[in-house]
Structures are given as C-alpha cells and as structure tokens.
Amino acid sequence: MQLDELYRQVIMDHYKTPRNRGMLDGEAVSVQLNNPTCGDRIELQMFIEDGKVKQARFEGEGCSISMSSASMMTDAIKGKTLEEALKLAEQFSQMMQGQEHEEFEYEDMEALSGVTKFPARIKCATLAWNALRKGIVQSKHELDGGSNES
Amino acid sequence: MNAAEIRKQFPILDQEVNGHPLVYLDSAATSQKPLAVIEAVERYYKMDNSNVHRGVHTLGSRATDAYEGAREKVARFLNAPSASQIIFTRGTTTAINLVASSYARSVCKEGDEIVITPMEHHSNLIPWQQAAKATGATLKYIPLQEDGSIALKDAEATITPNTKMVAMTYVSNVLGIINPVREIIKLAHRHGAKVLLDGAQSTPHMAVDVSELDCDFYAFSGHKMCAPTGIGALYGKRELLEQMEPIEFGGEMIDFVELYDSTWKELPWKFEGGTPIIADAIGLGAAIDFLTEIGMDRIEQHEKQIAAYAMENMAKIEGLTIYGPRRDRAGLVTFNLDDVHPHDVATVLDSEGIAVRAGHHCCQPLMRWLNVSATARASFYLYNTEEDVDKLVAALTKTKEYFGHAIG
C-alpha cells in the first residue's frame, strides 16, 4: 500500500491552498451535502448564467481528499455549460470506478485516480461531485419555474 | 491476564494487513471473535440447526435448549433476577427502540420529560427524540462539564418530578467516560422516573450487575463482546416488561389467534416476533462463557492499564489532542492530530496495518459540542497489548511527519 499513490503532491497542494474557497455574493445555486457516515460536509455555490457555470465556490469541512477534490472540481467546471459539467462528473465517476475514462482537460484531477486503490476513501473524493450533480438538478428545476426548495 | 495468550484464540488477529501484522484498535465498533464463539455457531449449523419452540423432534429440542440456555447465561452474566426478563434483540439499537416505542410512548404525555445527555450514541438519542415528538413530552439534556463528564448537580437540576424516563449511556464510546449511573438512577427513582442504561460500551468491558445498579432497563449488543453481529438483549424489570405491549407481531410471540383478536405469549417471548436469532444467541452464550472464564474484573483491569499506557505515550506526541477526562476512563482514546483530518490519520495508520476508527462515531451532537467535525479513536480490548500501543504511537509520529512534510 503506497501512501504516495493517494497523497500525491498536487492533492496536498489543493488541500493546503484550496482554490475557490469561500462563498459567493449575490444570487447563486447553493447546495449542501454531507457524508453521513463520516461527517464530511460541503456547501457548493454556483453562479449560473446562460446555461454556463460562471462562478463556483465551496465551503466545507473534511479530509484532504474531499477538500482537494472540491477545489479541483470548482476550478474544472468554471466556464463550462451544465451539460459539460455533467459530463465531467460522469468522467470522474468512471475514474473512481477504475474504468477507462477520457483524460481530463484539467490535469490536476488525474491525481485523484490513486483513490481507487483506497476503496474506503472513494466516498471522500466523490462528495463534491455529488454536490455538483445535485446543484445542476436544482438549477434546472429553478429554470423550469419550480420552487426554490431543494 | 496474559493478553498474548488470549490473542491466540482470535484467528483473525493472526494476519498481515498491508504488509504489517494487524493491530486491531477498533473494538468499540465491533470486537473480534474467539474460536470458541465461531465454533459454537458452526456446531449449531452443522449439528443442531432447527427452529425453536416448535418441532417436537430431537433437533428442535436441542436448538431450543441451546437458545434458552443462552438466555440463562445472559441473565447470570448481568445478574438479572430471571431469564424471563432477558429479551433477545438484534442489538442495543433495537432494544432501546423497543423501550422508546412501547414503554415510553405509553407512559409519556404532554408536559412530561425525557432526559438524556449530549454524549449519547445516535441509537440512544433518536428513539427518544421520536418518542418525545410522538407524545408531546419534552426532551431534556443533562449538560456536560468542560471535560465532557456529567456533574451530579446538573443531573439534579435536570431531572424533575415531571421526568418519566432517563436514558443514558453507562460508558461513552467517544470520551471513554464512565458515567455516575448509580447516583443518577437513585435520583431518577426519587422522582418516580425510570432509567434505561445503554450498555453497549460497558457490558463487554466490566462486570455489570443490573440488580445492584437497580436500573429499570439495560440494553447491550453481542458483537462488541466477542459474540456474532445481529444479537443483543434488553433486560427490564418484570413489572415494566409485563406492562409493555409488543411492537412486532407474528411468529414466536403469538399465544392464541382468533379472527379479530389475538393474545401474546408470556415474557420474554412476547417481544420476540418471528423466528428468533438462534445461532447468534448461541454464539452470545459462548462469548459469555469465554469472557466469564477469563473474568470481567481482569478484563477491565487489563484495558485500564492499556488505556493509561496509551494516554501517557500519546500525550507525548506534540500536536495531538486527546478528548475527554484524563482519569477514570474506559479503554479507548479519542484524539486528533493538528492539521491532519482523522480520515487521513486512519488511512496512514491502515497502511501500517493499524485499524482505528475515524469519523463522528454516531455522536454528531457530541462532535458539535467538541467543536470538531470528526475524530480518530483507538479502542482496546482483552487481546490488545502494550506492543499494540507502541506501534500506534510510532505510526502516529510517522503520520505527523508525513503530513507535516506533505502540507508544509
């Protein structure tokens, strides 16, 4: 069991200096998600305009894997359409299941492939991405004229 | 007590994990099982497997004798007045839910109080939240002292003549605190309240005498005390159990069935609907024999020594915070390393073959009280040695260095 396969430098770098941490001002889609088995928690905010993610930020508490994954995810989805963001989520899910996946344009994310060797930690890595999926469903619901309740 | 000899009776401990000999420090979550228990379950399935209280054939009689024999063992182990006051359940959670759903809901009404503490495991918290919501009773908490312990003056201020139920853990699964349950039971009884003790973390580790404690209900799980998973028991005072209605209907608990009404069997069977958990109850009986032979007092003594040794050596690690009081505690140490999330601690320890728990330990309100989102916990049992602690301390030092270097 090689710890360095999990804790790659790029992951520790995101953990130490997370990108996009802190909340947005103004109107944004906001999603809170926690991992009930361990207590990790994330709040994701996305400012969506013309079907694109203009801004994404997060707050949360969690381990190096969950927080670095959130840092990378928020960076990776910026400027993407909701469909492209969902496609990234799908790619990430494939990587977590150890399946063949298209390489990420945002290279840092490949570092998280080491998580597949530590099955107990996959849930940590996917927390932010699950929040993203939930946020996209919520934003579509709001666009369709539904209520703001999630 | 010779832990090294005892260890040999646990086949699972004789293995390597990630290239290191396994150091199992997660017994508060579930304990390992000795060969005697594994073989008792195997013997039942190989030789005696049959339903209980039904067939008149030989296997049916053997299964019934073994199942009811296990109940007798539980009664003796807890010093309950009679085996009929021992109800087999799936574990502590089911036992507490039975009392909260049946007893508490029938006696509590608006204006009454149910008293618990902020250190409760979710399984001794949510059933009372639900019972309070269903009856209109008020859920009250005895506040915690700075070190997490309960002061009797606070218990006195919280428990009133309106209190119908007090439910609390005997030993905290996070803080290792052994609560002053004798005094609180006396106090509750003075106000006419009944007391349920959550014995999930006490029964495996110390001699428990429900008659001497004078508690009204006592719940525990087998799997934390060398028995299989899925078996536990509820002890209750006879008059209370007799007054309670079952919450599961069908199968083994039935006496007479008419088209529009039915009657229940007598205690304890009226609470054991369906085919009971036969093999695992027999396994629990074998676990009790195993623990009794070693002696609960010796087990408690051994764990206290290991925990004291662990506290002393872990406290030397700079940047390591230990939660809960320093003295008079059970055999577990809950901690955090500065700047390293407990998951990350647990992963590095696992890479060294050391199994600890990381997370909220099913005590989210207590985590909030501690002002942390999660903690790591090393919990000890009769098979742990000081050498296990030495390995833990060395691995924690390594964890600190690893992350100190990685995070910079």
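Residues numbered from 1 in each chain as written. Chains lettered and ligands numbered in written order. Predicted model: local features only at pLDDT ≥ 70, side-chain atom pairs only at ≥ 80, totals over all residues. Heavy atoms only, no water.

Novice: Just give me the short version of the overall build of chain B, but keep the residues and values in it.
Specialist: Broken down by element type, chain B carries 14 helices and 17 strands. For 408 residues, the compact-globule estimate of 2.2 N^0.38 gives 22 Å, and the C-alpha radius of gyration of chain B, at 22 Å, lies within 12% of that figure. Its C-alpha atoms give chain B principal-axis dimensions of about 75 × 55 × 35 Å. A burial count over chain B gives 60% of its 408 residues as buried. Residue pairs at least 24 apart in sequence account for 71% of intrachain contacts in chain B once pairs closer than 6 positions are excluded. Total accessible area on chain B stands at roughly 16500 Å², and carbon and sulfur atoms take up 50% of it. Put simply, chain B has 38 plus and 53 minus side-chain charges, and the middle of one group is 2 Å from the middle of the other. (Helix = DSSP H or I, 4+ residues; strand = E, 2+ residues; numbered from the N terminus. Rg over C-alpha atoms; globule rule 2.2 N^0.38 Å. Buried < 20%, exposed > 50% of the residue type's maximum accessible area, 1.4 Å probe, protein only. Contact = heavy atoms within 4.5 Å. Areas by Shrake-Rupley, 256 points an atom, 1.4 Å probe, with all protein chains shown as cover. Lys, Arg positive; Asp, Glu negative; His and termini not counted. Charge placed at Lys NZ, Arg CZ, Asp CG, Glu CD.)

Novice: Explain the UniProt feature "domain: Aminotransferase class V" (unreviewed entry) in chain B to me, using residue names and the numbers behind them.
Specialist: Sites flagged by UniProt as "domain: Aminotransferase class V" (unreviewed entry) map to residues 23-392 of chain B. Spanning residues 23-392 of chain B, this segment combines 40% helix with 17% strand, and its end C-alpha atoms are found 8 Å apart. (UniProt positions renumbered as here; feature names shortened; annotations may be inferred.)

Novice: Can you explain the nonpolar core? Please cite residues and give values.
Specialist: Among the nonpolar cores identified, the biggest contains 79 residues, and B:Leu78, B:Leu197, B:Tyr218, B:Leu291 and B:Leu382 are the most heavily contacted of them. Of the residues forming this core, the biggest block, 11 residues, is contributed by helix α10 (residues 278-294) of chain B. Leaving out residues up to four positions away in the same chain, B:Leu382 has contacts with B:Met1, B:Ala3, B:Ile6, B:Phe10, B:Cys226, B:Phe290, B:Leu291, B:Ile294, B:Ile299, B:His302 and B:Glu303. Among the nonpolar cores identified, the runner-up in size contains 75 residues, and A:Leu44, A:Cys63, A:Met109 and B:Leu337 belong to it. (Core = buried A, V, L, I, M, F, W, Y, C linked by side-chain atoms within 4.5 Å.)

Novice: Any details on the sheet that holds strand β13 (residues 320-322) of chain B? Residues and values, ideally.
Specialist: Residue and element names in this part refer to chain B. With antiparallel pairing, 4 strands are arranged side by side in an open sheet as β13-β14-β17-β16. Of all the strands in the sheet, the pair left with one neighbour each is β13 and β16 (357-359). Taken pair by pair, the neighbouring strands of this sheet meet at an average axis angle of 30°, ignoring direction. The sheet contact formed by β13 and strand β14 (residues 332-337) spans 3 bridges and is antiparallel. By the bridge assignment, Leu320 is partnered in β14 with Leu337. (Pairing = 2+ DSSP bridges. Axes fitted to C-alpha atoms, helices over the stretch in contact; angles between N-to-C directions.)

Novice: Pulling in residues and values, what's your account of the UniProt feature "domain: NIF system FeS cluster assembly NifU N-terminal" (unreviewed entry) in chain A?
Specialist: The UniProt record annotates "domain: NIF system FeS cluster assembly NifU N-terminal" (unreviewed entry) at residues 7-124 of chain A. The straight-line gap between the two end C-alpha atoms of residues 7-124 of chain A is 13 Å; of that span, 34% is helix and 23% is strand.

Novice: Could you give an account of the side chain of B:His343, naming the residues involved and the relevant values?
Specialist: By the secondary structure assignment, B:His343 is in helix α12 (residues 342-351). Non-local contacts of B:His343, meaning those with residues more than four positions away in its chain, are made with A:Tyr7, A:Cys38, A:Asp40, A:Cys63, A:Arg121, A:Cys124 and B:Ala358.

Novice: Before we move on, could you go through the packing of aromatic side chains and cite the residues and values that matter?
Specialist: Residues and elements named next belong to chain B. Going through the model one piece at a time under the given rule, you end up with 11 aromatic pairs over all chains. Relative to Tyr383, the ring of Tyr381 has its centre 5.6 Å away and its plane inclined at 80°; by these criteria the two rings are edge-to-face. Looking at Tyr383, the relative accessible area reads 1%, which means it is buried. Among the aromatic residues, those joined into a ring-pair cluster are Phe10, Phe290, Tyr381 and Tyr383. (Phe/Tyr/Trp six-rings, centres within 6.5 Å; stacked < 30°, edge-to-face > 60°.)

Novice: Would you mind going over helix α7 (residues 181-190) of chain B in detail, with residue names and values included?
Specialist: Residue and element names in this part refer to chain B. Taken together, the buried positions of α7 are occupied by Val181, Ile184, Ile185, Leu187 and Ala188. In an axial view of α7, the angular spread of the buried residues amounts to 165°, which keeps them on one side of the axis. Away from its buried face by more than 90 degrees, α7 exposes Lys186 and Arg190. Just downstream of α7 lies Gly192, where phi reads positive at about 80°. (Arc of directions from axis to C-beta.)

Novice: Just give me the short version of the pattern of salt bridges, but keep the residues and values in it.
Specialist: All names here are of chain B. By the definition in use, this model includes 29 salt bridges over all chains. Residue Lys46 is joined to Glu42 by a salt bridge in which the shortest nitrogen-to-oxygen separation is 3.1 Å. Of the two residues, Lys46 and Glu42 both sit in helix α2 (residues 35-48), 4 residues apart, roughly one turn of that helix. We classify Glu42 as partly exposed; its relative accessible area is 39%. Because the salt bridges share partners, they merge into one network encompassing Glu68, Arg71 and Glu272. (Salt bridge = Lys/Arg side-chain N within 4 Å of Asp/Glu carboxyl O.)

Novice: Residues and numbers for the pairing of strand β5 (residues 113-116) of chain B, please.
Specialist: All names here are of chain B. Here β5 shows two buried faces, one formed by Glu113 and Val115 and the other by Ile114 and Ile116. Where β5 and strand β6 (residues 138-141) come together, 4 bridges link them in parallel fashion. When the sheet's bridge partners are listed, Ile116 is paired in β6 with Tyr141. A crossover connection joins β5 to the parallel β6 through helix α5 (residues 126-135); in handedness this β-α-β unit is right-handed. By the bridge criterion, 3 bridges tie β5 to strand β7 (residues 163-169) in an arrangement that is parallel. Bridge assignment links Glu113 to a residue of β7, and that residue is Thr163. (Right-handed = clockwise from strand over helix to strand, strands pointing away.)

Novice: Can you tell me about the packing of helix α3 (residues 64-77) of chain A against helix α5 (residues 122-143) of chain A, naming the residues and giving the values?
Specialist: Residues and elements named next belong to chain A. Running from N to C, α3 and α5 cross one another at 40°; their axes reach a closest spacing of 7 Å. The chirality of how α3 crosses α5 is right-handed. Note on element contacts: α5 touches α3 through Cys124, Ala125, Ala128, Trp129 and Leu132, opposite Ile65, Ser66, Ser69, Ala70, Met73 and Ile77. Its residues assigned to classes, the contact of α3 with α5 comprises 9 nonpolar, 2 polar and no charged. (Left-handed = near helix turned anticlockwise from the far one by under 90°. Nonpolar A, V, L, I, M, F, W, Y, C, P; charged D, E, K, R; others polar.)

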